[in-house]
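Coordinate analysis (summary)
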Amino acid sequence: DPAQRRVRELAALSKQLQQVHPNVLAKVLKQGTLYQDEEIVAINKPYGLPVHGGPGIKNCIADVLPILAKMLENMKAEPLHLCHRLDKETTGVMVLARNKEVAERIRLLFKTRQVEKIYWAISLGDPDPTEGIVEIPIVEKEVRSHQSHYKMTLAPNYRLSPEDGKVVKIRKNHNAESAVTRYRSLASSSACSLLELQPITGVKHQIRVHLAYGLGCPILGDHKYSHWSKLAPQKLPEITLKRLKLEQSKARHLPLHLHAHRLSLPLGRRIDLVCKPPLFFQKTLKKLDLDAANE
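Residues numbered from 1 in each chain as written. Predicted model: local features only at pLDDT ≥ 70, side-chain atom pairs only at ≥ 80, totals over all residues. Heavy atoms only, no water.

Quick notes on the layout of surface pockets
- Of the pockets and cavities examined, the largest pocket occupies roughly 850 Å³.
- In terms of lining, the largest pocket is formed by 33 residues, of which the most central are R85, K117, T201, G202 and V203.
- Elements with a minimum of two residues in the lining of the largest pocket: α4 (100-111), β5 (116-124), α5 (206-214) and β13 (258-267).
- With 4 residues, β13 is the largest single contributor of residues to the lining of the largest pocket. (1 Å grid on protein atoms, 1.4 Å probe; cavity = no way out; pocket = protein on both sides within 12 Å on 5 of 7 lines; lining within 4 Å. Points joined across faces, edges and corners; volume = space filled by probe spheres on them. Helix = DSSP H or I, 4+ residues; strand = E, 2+ residues; numbered from the N terminus.)

Some details on the domain arrangement of the chain
- Domain annotation of the chain identifies domain 1 (1-112) and domain 2 (116-288).
- Domain 1 and domain 2 are separated by 23 Å when their C-alpha centres are compared.
- Carbon and sulfur atoms make up 66% of the surface buried where domain 1 meets domain 2, a total of about 2,500 Å² over both sides.
- Counting every contact that joins domain 1 to domain 2 gives 2 salt bridges.
- Where R269 meets D37, a salt bridge forms, and the shortest distance between an N and an O atom there is 3.5 Å. (Domains from an automatic or database assignment. Buried area = accessible area lost by both parts, 1.4 Å probe. Salt bridge = Lys/Arg side-chain N within 4 Å of Asp/Glu carboxyl O.)

In structure tokens:
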């Protein structure tokens, strides 16, 4: 079955990226260059490629920056610098700086929330209301289950009073970081939605947590945040499985459908960087009949 095959191919591709020679990886990134000038290079980050190294990670973007710089410029080019990060499974626009000073400047723009970031995600279910702002602090917690693990989760400052259902302010969790995400639904069909998301803050896994736990609409393929207490594949509605031509037993291979679609940088002038979603994302949109043609 072609759908099962594609899902397997993606899982294999993610593994392959760990096996290829760094030069090959740099070449892939070079082919995905979206924009370059004397200060920055914007690349299209592929699915399944980590930004930083770690245990069990052979290849990551940080490691191939010196090679990529030489491929783009010349043999004497100094290595490119990371300015921000994307999760391993997230695809899309990523900005690299040509030198340390520019990198510092861009990091500061991110820190002071002057960079406009627009993501696209396919979610399970439709958010209600269809557009709005999620403003709930996020904290990292240990999930005590048969496999203990850590997850980001919500740490609201309010709760509903059991007596009269009124909103009551509660004590703030000191470890929680404030997190704000704007969202709007662009299309919905097959028990899924295509959402446009604008994270105003930059907390780890913010979009994934706000969608899953704040709106009750986890991202398609987000197996980590589709449940709280267990590490298990995402459970998909019957109609979604049917449209994707997928069996529930194979849902664990489904990739995370989260894409950094646009980045707007105020570097003297405003630089607008746009990147269309990867092929697997576009194919899923088509199968689920989520029409993004008007965007």
